[in-house]
Structures are given as structure tokens and as C-alpha cells.
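Descriptive analysis of the structure
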Amino acid sequence: MHNKTIAELSRGLQQRHFSSLELTELFLNRIDEHNEKLNAFITVTDELAWEQAKQADVRLSSGQSNALTGIPIAQKDIFCTQGVRTSCGSKMLDNFTAPYNATVVERFNQAGAVMLGKLNMDEFAMGSSNETSYYGPVKNPWDIGTVPGGSSGGSAAAVASRIAPGATGTDTGGSIRQPAAFCGITGLKPTYGLVSRWGMIAFASSLDQGGPMARTAEDCALMLQTMAGFDEKDSTSVNRPVEDFSATLNERLAGLKIGLPKEFFGEGLDPEIATLIHEAVADYVKLGATVKEISLPNMNLSAPAYYVVAPAECSSNLARFDGVRYGYRCQNPKDLHDLYTRSRGEGFGAEVKRRILIGTYVLSAGYYDAYYLKAQKIRRLISDDFKRAFQEVDVIMGPTSPSVAFRFGEKSADPIAMYLSDIYTIALNLAGLPGMSIPVGFSKNLPVGMQIIGNYFSESRLLNVAHQYQQVTDWHHKTPVGFCDSH
Ligand code: GLN
């Protein structure tokens, strides 16, 4: 049963083959059994889950339900959850219980979904391996000696090991897509502004976007349906009608124009990954697509621009953690200055401090024009590259990450090497575009993800393109040994 997708579980609930209480019990038991090894959950909210499951069953029997009613879901611990610890993977917020729900959480509640708990993540979503979490790293269920990716590593590991059928993630530079790739699941980073950021703890506000992580594109469509939509509490939320993301999943792909950017297949890409991407693209050709080489000439500038913009915005966003209002406060401060410096010094981890230092530097008088303003100009060049590309093609395909999941410690001492695991994902955030990662095979016994990039608000198209591939392949059904054996 735990190997079923959200869509299948939903049908079972609607037809009353099992109840939400039974389903919730199953997943809570699986969390009990496997979480110690994986460290995917920071907090398990079993009491809340029981309560929500009970209510969902009432709704299901009264016919007032929708596709997510009664479905257990887990939330990345970056989304504020009323009455439940919301840590953001940081010592700074270890003692923080959110007084309100993020809009995303509220929408899952309104749909009648059941929250299993809060998922581990890199501290304040800064990282690509989950090694920066205050709660210790999440393990990749495919090989517990390797990282699950980051920052939504808890979400990816939970879905891959089937201890949650679906999870939320957030993506500032790749944090949904890269862990989805490393753990062999499907993840979608929506167009900037499609999903409300209200109550989603801010890292880099002009880049951050929440999205679904699940087994299949079909499941991502169901989750996105609940997550997307205008929110007047988020000033960057886009006010446009929400499409029915499941309606076009089955459209044929005949005539689909795929662009392969030559910059995505150059130096640094593991050749086995390149081969698998080309094989997946060949499957698309069989489905009727045509392929064209394109160029995104400013791709090489995306990582340098990101590592100016993201730290700059984070240094400003994280200024609110001062030991006064909420979060960690140092013991026995001598005076106000000591309170600030020691609370921040003791509450934040090394990577977060590195980003705050870089961000403060690039925003300071005299450097702002040279760094921040320059980076903003590069953002425009990058979005213009995509704009040109989308005049010629419908979607762009390429690798999600240059390598498969790496081993713990392999990159943690070298921030630049770590930053490069996002070289193919970062550009989309700078441009605000949507992208997905879907499983397309294995290299060295570890999952490989392919990235599919679409034009603004083309989520329906992306989900359709991913779903059609998943109808003719079964990479998304592969399960890691030791976690998912059917019983
Ligand atoms: N790995 C990137 C970083 O460390 C992206 C993180 C994210 O998308 N939240 O900033």
C-alpha cells in the first residue's frame, strides 16, 4: 500500500477501500520504523495527524472531499505551522513554535490533507546536501552513505523511502529539483509568484518558491492544485486564475519542440548522466517530439550572479533573528550588543554565517554597484536568453545536476564545489521560470534526474510532458532496497 501514488491512494479513499485513519497509521508506523536511519523528519506530529485523519474520514463519507482529503503529507520545516515547532533546520529556531500557518499549510488543511510532520532541511535552506542542518544530515535511502541533496533533502528522502506519499519543498537555487534528482523522485519548482511565500521562512525573497515533491508528475499536479493561487498576504503572489493542472496530463506530445542547450552538456557533466539524458530525450522523440540544439550563452554567469543575489537577500532577511523577538537567545548577555552578537553567533551555523558575511559585503556602500547591481543586470541577460530560446522551442531539457548523489563530507569542506551542484538549476530561479526534475535512470546504482524547463506559467505543459514520459517508463516506480519492500 505504501508504494501507491497519491492519485491511487486518493481513489482508494474516495471508494472507501480504506480510511484516512488506516492510511495515516500506516505512514506513522513507517516513519517509526525508518526515520531513525534516515533522519528525514525533525518533528512528527502524530496527534495532529490522528485528529486530521478523523476529520478527513468524516468529510470523505459525507462526499465533501477533494483529491487530497485524507492524504498524509509532510511539510518542509521552512513552512510555519501553528502550534508546531518550525525550526528551518536551525538552532536559531529550535525553540520556535509558529503562531500561524503558512498559506501553503493552510491550503493543505483546507483540502483536508493530513500533516505527518516537519521535514529536515539544510539550515535556512542554504545548502545542497543537507549537511548544514542543525539536526544532522538526512541520509539518501538509495545509499545511506550518500547525501539526499538539499536543501529539501528531508522531503526527497521521505518520499523516496515511502514514509510520506508527498512532501512540500522550496527552491531558491535548485532545492526541490536537485534533491528530487538525487533521491529518484519527481519535483516541481513553479513560476515565481505562483505559490504564496507567506509563512515560508525567507531565504532570498526574489528567488524563493515552494513546490510539490512526489513520486509522479500526476501527484505533483494534485499537490500543486492545492498549493497554487493568489494570496493577498504575499505581495509577489501573481493574481491570475489557477489552471486545472491535471486536465492536460494526457495530451499527446506529437510536435513538441525540445531544446537542448549546448551549455548544459559541457565540461563538468558526468558522461553517464549525459548518456541517460540523451536516452530520455530519444524516448520523447518516440512520443513525437522534435529536438533542436539551442544556446543559453549567459549560463556560465548564473552561479556567480546567484551567489551575490542570494546572500545579499539572505543577509537582509536574517537580520530579524536578533535574540530579542523570537528564536535563540544567548545566556546572560552583558549588554544589548553582546545579546545581538552572541545570539546570532551561537544560533547560526557556519554556512549561514558565510552567506550573511558575503551578503553584507556586496550590499555595503561602494560595493553595491560593483556586485549587487551587476548581478541584477546578469539576471536580465539570463532571462533574455530563455526568452529567445522559448521563441524556438516549447520546453528545454538537460541534466538536473552534474553528478549523482555524492558521499557525506565529499564537498562540505569546499563551498565552491558544493555550489556547483546547482549549476543547471540556478538560472531558472534568477529568471523566475518553472522547472521539474524527473527520474530517468541510474548511474553507479544511484538515481539520475532530468530537468525540464518551461516558459512562465507553463506548469500544466511541464506536468503533461513529464507525465507522458512516466506513462512509457518506470524509473519513477523503482524503490530503494530495504525501505519499500511490499508487505
Ligand atoms: N544549494 C543552493 C544554495 O545553497 C540552493 C538552495 C535552495 O534552493 N534553497 O543556496
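Residues numbered from 1 in each chain as written. Predicted model: local features only at pLDDT ≥ 70, side-chain atom pairs only at ≥ 80, totals over all residues. Heavy atoms only, no water.

Looking at an unreviewed UniProt entry, the chain carries the name Glutamyl-tRNA(Gln) amidotransferase subunit A, with the source organism given as Candidatus Methylumidiphilus alinenensis. Recorded under Function (unreviewed entry), the UniProt text for the chain is reproduced unchanged: "Allows the formation of correctly charged Gln-tRNA(Gln) through the transamidation of misacylated Glu-tRNA(Gln) in organisms which lack glutaminyl-tRNA synthetase. The reaction takes place in the presence of glutamine and ATP through an activated gamma-phospho-Glu-tRNA(Gln)." (UniProt positions renumbered as here; feature names shortened; annotations may be inferred.)

A few points about empty space enclosed by the protein
The full count for this structure, using the stated rule, is 4 cavities of 30 Å³ or more. Of the volumes computed, that of the largest cavity is approximately 90 Å³. For the largest cavity, the lining is made up of 14 residues, of which Ala125, Gly127, Ser175, Tyr306 and Asp422 are closest to its centre. Split by residue class, the lining of the largest cavity holds 5 nonpolar, 7 polar and 2 charged. Space inside the second largest cavity adds up to approximately 50 Å³. Counting residues per element, the ones that place at least two in the lining of the second largest cavity are helix H6 (177-183) and strand E11 (446-453). (1 Å grid on protein atoms, 1.4 Å probe; cavity = no way out; pocket = protein on both sides within 12 Å on 5 of 7 lines; lining within 4 Å. Points joined across faces, edges and corners; volume = space filled by probe spheres on them. Nonpolar A, V, L, I, M, F, W, Y, C, P; charged D, E, K, R; others polar. Helix = DSSP H or I, 4+ residues; strand = E, 2+ residues; numbered from the N terminus.)

Section: the pattern of salt bridges
Across all of its chains, the model carries 19 salt bridges by this definition. Across the pair Asp143 and Arg407 runs a salt bridge whose closest N-O atoms are separated by 3.3 Å. Of this pair, Asp143 sits in the loop between strand E3 (114-119) and helix H5 (153-160) while Arg407 sits in the loop between strand E9 (395-399) and helix H13 (415-419), and the two are 264 residues apart along the sequence. Three or more residues joined by partner-sharing salt bridges are found here, namely Asp338, Arg342 and Glu346. (Salt bridge = Lys/Arg side-chain N within 4 Å of Asp/Glu carboxyl O.)

Brief notes about the side chain of Thr43
Following the sequence through the fold, Thr43 ends up in strand E1 (residues 41-44). A distance of 3.3 Å separates a polar atom in the side chain of Thr43 from a polar atom in the side chain of Arg85. Apart from residues no more than four positions distant in its own chain, Thr43 is found in contact with Val84, Arg85, Gly117 and Lys118. (Polar contact = N/O pair within 3.5 Å; in protein donor to acceptor, adjacent residues only side chain to side chain. Contact = heavy atoms within 4.5 Å.)

Things to note about the UniProt feature "active site" (unreviewed entry) in the chain
Following the UniProt record, one finds the feature "active site" (unreviewed entry) at Lys76, Ser151 and Ser175. These annotated residues cover 100 residues of sequence, but their C-alpha atoms sit close together, with the largest distance between any two at 11.2 Å. Cross-referencing the annotated residues with the lining of the largest cavity gives Ser175. Its place among the elements puts Lys76 in strand E2 (residues 72-76).

Regarding the layout of surface pockets
Roughly 310 Å³ of volume is contained in the largest pocket. Contributing to the lining of the largest pocket are 18 residues, with Tyr100, Met200, Ile201, Ala202 and Arg320 lying nearest its centre. Residue composition of the lining of the largest pocket, grouped by class: 10 nonpolar, 4 polar and 4 charged.

Observations regarding the packing of helix H7 (residues 217-227) against helix H15 (residues 459-472)
Here H7 crosses H15 at 155°, and the two axes come no closer than 8 Å. Between H7 and H15, the angle falls in the class roughly antiparallel. Along its contact with H7, which presents Ala217, Glu218, Cys220, Ala221 and Leu224, the element H15 presents Glu459, Leu463, Ala466, His467 and Gln470. Classifying every residue of the contact of H7 with H15 by side-chain character gives 6 nonpolar, 2 polar and 2 charged. (Axes fitted to C-alpha atoms, helices over the stretch in contact; angles between N-to-C directions. Parallel < 35°, antiparallel > 145°, perpendicular 65-115°, else oblique.)

Comments concerning the packing of aromatic side chains
Here the structure, examined in full by the defined rule, presents 19 aromatic pairs. A centroid spacing of 4.7 Å and a plane angle of 40° characterise the contact between Tyr100 and Trp198, whose relative ring orientation is tilted. With Tyr100 in the loop between E2 and helix H4 (103-111) and Trp198 in the loop between strand E5 (186-189) and strand E6 (210-214), this residue pair connects regions lying 98 residues apart in the sequence. According to the relative accessible area criterion, Tyr100 is partly exposed, its value standing at 33%. Classification of Trp198 by relative accessible area gives partly exposed; the value is 28%. Members of the aromatic cluster, connected to one another through ring pairs, are Phe96, Phe124, Phe321, Tyr326 and Phe348. Over the ring of Trp198 we find Lys233, and its NZ or CZ is 4.4 Å from the ring centre. (Phe/Tyr/Trp six-rings, centres within 6.5 Å; stacked < 30°, edge-to-face > 60°. Buried < 20%, exposed > 50% of the residue type's maximum accessible area, 1.4 Å probe, protein only. Lys NZ or Arg CZ within 6 Å of the ring centre and 35° of its normal.)

Quick look at unusual backbone geometry
Cis rather than trans, the peptide bond between Gly150 and Ser151 has omega equal to 10°. Note on placement: Ser151 falls in the loop between E3 and H5. One non-glycine residue, Arg162, lies in positive phi territory at about 60°. Looking at the element boundaries, Arg162 is found in the loop between H5 and strand E4 (166-170).

Observations concerning the environment of His34
Tracing the sequence through the fold places His34 in helix H2 (residues 20-38). Separated by 448 residues in sequence, His34 and Gly482 place their C-alpha atoms 9.4 Å apart.

So, the pairing of E2
Where burial is concerned, most of E2 is hidden: 5 out of the 5 residues are buried. Direction of pairing for E2 relative to E3: parallel, over a ladder of 5 bridges. Opposite Ile73, over in E3, you have Met115 as the bridge partner. Following the chain from E2 across H4 to the adjacent parallel E3, one finds a crossover that is right-handed. (Pairing = 2+ DSSP bridges. Right-handed = clockwise from strand over helix to strand, strands pointing away.)

Here we look at the UniProt feature "domain: Amidase" (unreviewed entry) in the chain
The residues that UniProt annotates with the feature "domain: Amidase" (unreviewed entry) are residues 22-463. Its end C-alpha atoms 30 Å apart, residues 22-463 is made of 38% helix and 14% strand.

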